Structure formats: C-alpha cells, structure tokens
Amino acid sequence: MAEKQEKSTSKKDSDKAAKGKKNSPLEFLGDSRTRTILGLFIVIIAVFLTLAFVSYLIDGFSDQSQIQEFSETLVDPDTHVNNLMGKFGAAIAEKFIYNWFGIAAFLFPFLLLLIGMKILFRKSILPIGKSIKHSIFFLYVMPLAMGFLFTENFVLSGALGYQLNRWTSSLIGSTGTALLLIFLSVVYAAVVFNLSVDGIKALLAKKPLEPEVEDEKIEAVADVTVKTNDLDLTDTIVNAKPIVEKKPEPELKLETTPFERPKIEDAPTLNANPLLEDVQFEVETVSVEEETVAEDDGEGMGEYDPTLDLSHYKKPPLDLLEAYGKGEISVDQEELESNKNRIVSTLKNYNIEIERIKATIGPTVTLYEIVPAPGVRISKIKNLEDDIALSLSALGIRIIAPIPGKGTIGIEVPNLNPDTVSMKAVLSSEKFQHSKMELPIALGKTISNETYVTDLTKMPHLLMAGATGQGKSVGLNAVIASILYKKHPAQVKFVLVDPKKVELTLFNKIERHFLAKLPDTEEAIITDTQKVVTTLNSLCLEMDNRYDLLKDAQCRNLKEYNAKFIARKLNPKEGHKFLPYIVLVVDEFADLIMTAGKEVETPIARLAQLARAIGIHLIIATQRPSVNIITGTIKANFPARIAFRVTSKIDSRTILDAGGADQLIGRGDMLMSTGNDMIRLQCAFIDTPEVEKVVDFIGSQQAYPFAFELPEYIDESGGTGEYGAVDEGDRDALFEEAAHIVVQHQQGSASLLQRRLKLGYNRAGRIVDQLEAAGIIGPFEGSKARQVLIQDIISLEQKLQGNG
C-alpha cells in the first residue's frame, strides 16, 4: 500500500515537473540545435547592422536620394546604392542613424552581439543586464551631447539628438544644457567607476611601489653530530656556511645545513585601487538573465555568480599592512654552540648519552632535537626539564618526548633576539595566496619558519584561551583579517560578540559588507549581554532553516548545496538561495557564562554540535580557561584549540588536555592543538592601525543596502529578546520571591536578582520588567538605580494580594 502511494506521489510530481517545463517560455533553448540556430542568427544580424552602419557613415549621403522612396527602390533591381549591405542595409542605417539616434545607434548591434554570444556559447562576454542599463543611459546622453556640440550634423546626433538639444536649450538654455551634460557624466563616472574627490586625491598623492628585494637564503637548520666513546666526546666533522662570524671551535663542533626562507611576494590579485575611498552606494538590481532563473530552471544561462551584486568590490591590498621584524632569521653561532654544549653537559651529568643533536631555528624559538643513545629512557630526559632550564638560564623551556613521527626528543629554547612575524609576511606567502581552502586562516609561522595556514571549515570550530595580554585579541584580528583578505562579502558573514565593547568595534565600518545582525537592531557588533542569547538562538534558527534547504536539495553540506545553486540546479522560487558562511566570533566568553549561564552555554553547545555541515563556524576566546567556563560539552565539540601563555599547568590541561601552555614565553607564542597533533606557532602580529586601514578600505566601497539579517527569534516570554510590554498574567515563577528581595534591599536592579536568585541576565531582566509593570519599582532612569515604590514587606503583601 505504501509503495502504491509513493508511486502515485512520484507520478504526480513528475507530471507537475513536466507541466512546468511545458509552461516555460524559454524551454526551446534547451535544445542545442535551436540554441545554435537562434544564437547564430542574432550574431549575423549584429554583424549585418554593424557593417550597414559603418558603410552609411562613409557613403550615406550619396545613398539618401536612392532610398527616399524605399518601397519603390526596394523591388527595383536597377536601383543601386553604395552601402555594403545593399538597399535594405542603407534604409535601416538611415532610420537608426539619421532619423533616430546618430552614432549611438551602434549600441544596438553591440547588444545583439552580446545576446547572440550568450545564447550560442552559454557564456557572457559582458553582463547583459548591466550592458542594457548602460546602453539606455547612452541612448539619451550621446544624442543630446552630439546635438549640443554639432547642431546640424544629423549623422552624429540623429534627429532625436537635434530635437532633444532644441527642447533642452529652450528649457534651461545652452549653458544649462552644458551643465546638465557635465552633471550626467560625473554621476555616471561616480556610479560605474566608484569615482570620488577623495579617491582622485589619493590617486594623485600615491607613490609608485618600490620593488621588493628578494630575501636572501639564510641558514636555519644546524646539525650537531656527537660521537661518544666511553663518555668522552670526540671529533666532529664541520661542513658549515655560518651566518655570523664563526667562533673558535669548542669541544663539540657544529654542522649546519642551509634552510631557505620563503619569499614575500605581493599577490597580483590584491592590487590597491585608490579610487575606492569614502564611497557609499546602494546595491545594484539583479540583471535580466538572473530574473528568469525560476522560469527555465537555468538552462542555457551559465553559472550563477553570487558576487555580481558587488561586482566592483576589491579585496584589501597588502600595502595596507606593515612589515614588522627584520624579515629574516639571524642566528648567532655562539648562541647555538652555547645552548648545545649546556644541554649535552646537563645530560652528561645524569649519565645520559646522546648520539646526535639537530637545531631548527624559528622566529622566536629554536628546537633542539636529541637522538638518545640506545637504552636511555625517555622519561629520564623528561624529568630533567627544570634542570635544563636552569643550565640555559632561559624561560619557556619545553621538552617534547618524543616528537610525534620522529625518533627524537625535542627541547624548545627561546631565542635571545626573537623576530616579530608580521601579518603582511604571512598573507603574502605563496601558501596563503594559492590556497584553495573554503575559509583559509593564516595564523603565523612554525618553528621551522613555515607559514601555517589552516581551513576553518575543517576545524570546524576554534577555541582560543590565554592569560591577559598574551595575544588573544591579536589572534582574533589575524583570523578575521585572513578571511577578509581572501573572501568576497557575498561568501562569508561575521557575527561579532564583544562584551568588552572595545576589541571588535573597529569592524563596525564593514557592517553592510561582512557583518550579520538581528532585524531592527542598530549595532551589528553585540556588546550588550542581554542580546547575546537572542543572537545565539537566532543562529540556531538559521541553522534549522539551512538544514531544511539542504534536505530539499538532497545535499549533505553547504559546499555541495552552493555548488548546486551556482550550477542553477535549485529553484529560487522554492526558497533556495546562495548561502554564505557565517563565522561567530565571541570575545571574553567567560563574561557571558558569568552573566547568562546556561542560556548561553546551551545554544553554543547546539551550534558546536550541529552547525558545521551548514557553514556556521564558531571562534570563542576567553581569559579564564577554568572547567566551569570551558565545560566538557564545549570541549568535546572544539577539537581545534589555541592556547596562548597561561599561568598554571592546570589551565594548560583545561585547554589542550596536555601541559606546555604554561611554559610559553608570551607575546603571541602559542600552541595549536588539532586533535592528535600539537604545533608551536608564533602568531602573526597585526596592529590596530592596520586593522583600521583594512576596514576603512573595505568600508569605502559600494556595499549592500543592509547588513545580512538573521532570523527573528521569539523567546519564551513572547517577545523578540527586547524587554517591552509585559503580560501581568504571565509572571515568572520567582516573581514574588524577587519582589521580596527588591523591597527588602530597597534596590531595583537585575544584577541583585542575578546574585540572590542565581539567574541569567535575560531572565532577571524579564522579572525586573514584570516588577515595573506591577508598580513595585519605577521606570528605567539610565545610570541611576530604579526607584523602589514599596517601602516595606507588609505593603508589598497587600499589593500582591490586590493584584492577584
């Protein structure tokens, strides 16, 4: 029975689909033969008109007498004209050029050529919709301009231009006509080329970029071979190209091998456009061919381009960033030899023999890899961590025993002269520029001085923690800047939560480009704690809506869904649309947990568990990596974690499930855990002025009319997350207890109820609104505390009984 119902249902669906196809006005374009014939026909017409118009410009006057009586000369074979396209071509050219549009008539064969090529090859030479809009503009302006400049030349202005000039000049005079033409030209240049006065000034003031000098090869890996014979260290072969002046050979000699540092190259696709400054435009309308997607299922129309609405958008250039540091790793040979000798000496004091030491120099840390002699227990070396740190007189010593994938033990020693890793160097690297990742993030450089680039969609969420001033905010800016430098506004949106109110507010300028927010809210960056829960629940609604779309499209993830939509295999009239990635960035997560508790943790956990497949990814930063902040539920769904320097081993284990973060040296030194592997990185440094330059550059360009809107969330109290009208019949279960607390303390504040009743901020705020509606406390008075209108408990009881 069920099978019969399924068959009948599928049959009905197929009948509907067939019926829909029959009703499609462009169904005939699905046939390749029809498309070829029609496209070729339109192209031939375009060529015919072009040749006729050009020939008319050359011999048009001599043909005018022959085509005065068109109906008679057309059938008379003895009548000859000089036009290449014959009498028919001469007559059409006479109409379009002389009688109508002048030289602007050439726009018609141009448009026909675009349409014919689109039908013939299914690819657009230029956007047809935009070309039609530009042509309509020029069909008015060009005849008027030619009529104004060449009053009696109908070949240039056409009769239309002549009449337009006469009418306009009689209305506003010749000077007014000239001013009108100048105004229309300026408007066109401003809209099409994003031209502005500030942009012209920047272009004139801009200096040509000086070619960058290719970085020289540096020596970055040192191999030290130690041969043992009855605990006596003997000869070593030296084959080195030292970077600095070589010191007299100590007891152990150093063998170095060259390491080539990656070059910094500006990407050719990220050129600066100084004309795009301080310009605000509304979003352009959808072109004609896009409007017919639902009617013909996209057949014969090419792929959908989500970036067309902001087709003139330019990615930020690299010259907005500063090149910090020396640009190369300078190694002091004496420092290498000294550290090596002290490590060997310390191990020898505890009767630990080693066969070989290899030094890998990074920007801030040098890794000494030790190959112990057979029979030496790894735990014995691991227990000497404090002794080695004492002998080297250095902070941040970390022992990796053993190094995963290698038969060595690693000892990480901070460099005496660490080098700063600039964001410019990381973003200009070949690994980032040629990355094919969905959401590439350039975090910094590894110990071997290689740029570390990872894909946020593969993580799929990121947890960042560390003590105050160790680089979390810079790390967040580096993550956001990486995506801004790589993606178009149509491809990704950010939801920014900033309880501190000062860290992420810089990104307000790109609200209509890259940010998402709740409907009817003024600020896209969420700084008010009471709105965080509403936003998180709104994201959960967005997640559920996206899963419904993926279910209808029979796709498993966002990448497959968008690929189908771009290929025009999904119908927009059925609710389908291009879905951008959404990145939720939360700074100071601990503050949210303290003020909202479970109301924040629950939607965060739900998003972390389910949102990966539909393109919503979370980046959470906190100063307090305690277990009540980073709970087991959160940690289970955040396999990718970044730990900056923390103060204790317990904090390190809370973040990474391993020690080591307490032994970092700070200032961007961090450990990146991706599940099984742990990598030590130096975070790329991007300063606040650099972030301002980047957001100013993006914000000065044409933007969408509004920021990306999230679904409206209706909370349990029937509101939309804002505290407005209160239904007295729907009071909170703790209303009376809260009323007693307020009257007893004569203080009407949500924070008091939070502390006494252990509530989240949102629920406490709702109770405060209910108390105001009941006449127990007064209205909101800004920074002042609410006035308590009931003076004692007895009066309160009478008030409650009277209201009840």
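It should be noted that the structure appears before, not after, this text.
Residues numbered from 1 in each chain as written. Predicted model: local features only at pLDDT ≥ 70, side-chain atom pairs only at ≥ 80, totals over all residues. Heavy atoms only, no water.

A. Spatial organisation of the overall build of the protein chain. The helix and strand tally for the protein chain stands at 28 helices and 19 strands. Relative to its full complement of 804 residues, the protein chain shows a buried share of 49%. Taking contacts inside the protein chain between residues at least 6 apart in sequence as the whole, the part at least 24 apart equals 70%. Of the accessible surface of the protein chain, which amounts to about 40,100 Å², a share of 54% is contributed by carbon and sulfur atoms. (Helix = DSSP H or I, 4+ residues; strand = E, 2+ residues; numbered from the N terminus. Buried < 20%, exposed > 50% of the residue type's maximum accessible area, 1.4 Å probe, protein only. Contact = heavy atoms within 4.5 Å. Areas by Shrake-Rupley, 256 points an atom, 1.4 Å probe, with all protein chains shown as cover.)

B. Region of the structure containing the pattern of salt bridges. Scanning the entire structure with this criterion turns up 19 salt bridges. Between aspartate 696 and lysine 509 there is a salt bridge; the shortest N-O distance is 2.7 Å. Of this pair, aspartate 696 sits in helix α24 (residues 688-699) while lysine 509 sits in the loop between β12 (492-497) and α17 (511-514), placing them 187 residues apart in sequence. Look at aspartate 696 and you get partly exposed, because its relative accessible area is 37%. Notably, a salt bridge pairs aspartate 732 with arginine 763, separated by 2.9 Å at the nearest N-O pair. Of the two residues, aspartate 732 sits in the loop between β19 (708-709) and α25 (735-745) while arginine 763 sits in helix α27 (residues 761-773), which places them 31 residues apart along the sequence. A cluster of three or more residues bridged by salt bridges with shared partners is formed by Arg398, Glu412, Asp669 and Arg680. (Salt bridge = Lys/Arg side-chain N within 4 Å of Asp/Glu carboxyl O.)

C. Highlighting the packing of helix α18 (residues 529-553) against helix α20 (residues 589-596). Interaxial distance between α18 and α20 falls to 10 Å at its minimum, and their mutual angle equals 95 degrees. Between α18 and α20, the angle falls in the class roughly perpendicular. Across the interface between the two elements, Thr529, Val532 and Val533 of α18 pack against Asp591, Leu592, Thr595 and Ala596 of α20. For the contact of α18 with α20, the per-class residue count stands at four nonpolar, two polar and one charged. (Axes fitted to C-alpha atoms, helices over the stretch in contact; angles between N-to-C directions. Parallel < 35°, antiparallel > 145°, perpendicular 65-115°, else oblique. Nonpolar A, V, L, I, M, F, W, Y, C, P; charged D, E, K, R; others polar.)

D. Layout of helix α16 (residues 472-486). With 15 residues, α16 should cover 21 Å at 1.5 Å per step; its first-to-last C-alpha distance of 22 Å lies within 8% of that length. Counting buried positions along α16 yields 13 of 15 residues, so the element is predominantly enclosed. (Expected span 1.5 Å × (residues − 1).)

E. The arrangement of the nonpolar core in detail. Grouped together as the largest cluster of nonpolar side chains are 104 residues, with contacts concentrated most on Phe494, Phe507, Leu584 and Val600. Among the elements that make up this core, the one with the highest residue count is α18 (nine residues). Those residues in contact with valine 600 that lie beyond four places of it in its chain are Val532, Val533, Leu536, Phe589, Leu592 and Ile593. Counting 22 residues, the second-largest nonpolar core is a separate cluster that includes Ala750, Leu752, Ala774 and Val788. (Core = buried A, V, L, I, M, F, W, Y, C linked by side-chain atoms within 4.5 Å.)

F. Up close: the side chain of asparagine 637. Looking at the secondary structure, you find asparagine 637 in the loop between α22 (632-636) and β16 (640-643). You can call asparagine 637 buried: its relative accessible area is 17%. The residues touching asparagine 637, leaving out its near neighbours within four places in the chain, are His461, Ala608 and Gln609.

G. Structural view of the sheet that holds strand β17 (residues 669-673). Strand order across the open sheet formed by nine strands is β10-β9-β18-β17-β16-β11-β15-β14-β12, with mixed pairing between neighbours. What marks the edges here is a single partner per strand, and that holds for β10 (451-455) and β12. Neighbour to neighbour, the strand axes of the sheet diverge by 30 degrees on average, direction disregarded. Strand contacts of α20: β12, β14 (581-586) and β15 (616-622), with the helix running at about 90 degrees to β15, the strand carrying the most contacts. (Pairing = 2+ DSSP bridges.)

H. Inspection of the side chain of threonine 622 at higher detail. Examined against the element boundaries, threonine 622 turns out to sit in strand β15. Sequence-distant contacts of threonine 622, that is, excluding residues within four places in its chain, are made with Met464, Ala465, Gly466, Lys472, Phe589, Ala590, Ile629 and Ile630.

I. Molecular detail of the packing of aromatic side chains. The full count for this structure, using the stated rule, is 13 aromatic pairs. Note on phenylalanine 48 and phenylalanine 88: the rings are 6.3 Å apart at their centroids and 40 degrees apart in plane angle, and the pair reads as tilted. With phenylalanine 48 in helix α2 (residues 32-64) and phenylalanine 88 in helix α4 (residues 86-101), this residue pair connects regions lying 40 residues apart in the sequence. Overall, phenylalanine 88 belongs to the partly exposed group, its relative accessible area being 45%. With 5.3 Å between their ring centres and 70 degrees between their planes, phenylalanine 96 and phenylalanine 108 make a pair best called edge-to-face. One end of the pair, phenylalanine 96, is in helix α4; the other, phenylalanine 108, is in helix α5 (residues 107-121), with twelve residues separating them in the sequence. Connected via pairs of aromatic rings, a cluster forms that spans Phe53, Phe96, Trp100, Phe101, Phe106 and Phe108. Residue placement shows lysine 486 over the ring face of phenylalanine 432; its charged tip is 5.2 Å from the ring centre. (Phe/Tyr/Trp six-rings, centres within 6.5 Å; stacked < 30°, edge-to-face > 60°. Lys NZ or Arg CZ within 6 Å of the ring centre and 35° of its normal.)

J. Molecular detail of the pairing of β15. Among the seven residues that make up β15, seven are buried, leaving the element largely enclosed by the rest of the structure. Where β14 meets β15, five bridges bridge the pair, whose relative direction is parallel. What sits directly across from isoleucine 582, in β15, is isoleucine 616.

K. A look at the packing of α5 against helix α6 (residues 128-149). Axis separation between α5 and α6 bottoms out at 11 Å; the angle between their running directions is 175 degrees. Considering the angle they form, α5 stands roughly antiparallel to α6. Here α5 contributes Leu107, Phe108, Leu111, Leu114, Ile115 and Lys118 to the contact with α6, which in turn contributes Ile128, Ser131, Ile132, Ser135, Phe138 and Leu139.

L. Region of interest: a nonpolar patch on the surface. Nonpolar side chains collect at one region of the surface, where Val54, Leu57 and Ile58 lie side by side and expose about 270 Å² of accessible area between them. Note on placement: valine 54 falls in helix α2. (Patch = residues over 30% accessible without salt bridge, like charges linked within 9 Å, V, L, I, M, F, W, Y side chains within 5 Å.)

M. Quick peek at unusual backbone geometry. The step from alanine 401 to proline 402 runs through a cis peptide bond, and the omega angle for that step is -10 degrees. Here proline 402 shows up in the loop between β7 (398-400) and β8 (409-414). The omega angle of the peptide bond from methionine 459 to proline 460 is -5 degrees, so this bond is cis rather than trans. Residue position: proline 460 is located in the loop between β10 and β11 (462-465). Backbone geometry at glutamine 554 places phi at a positive 55 degrees, although glycine is not the residue there. Along the chain, the position of glutamine 554 falls in the loop between α18 and α19 (558-566).

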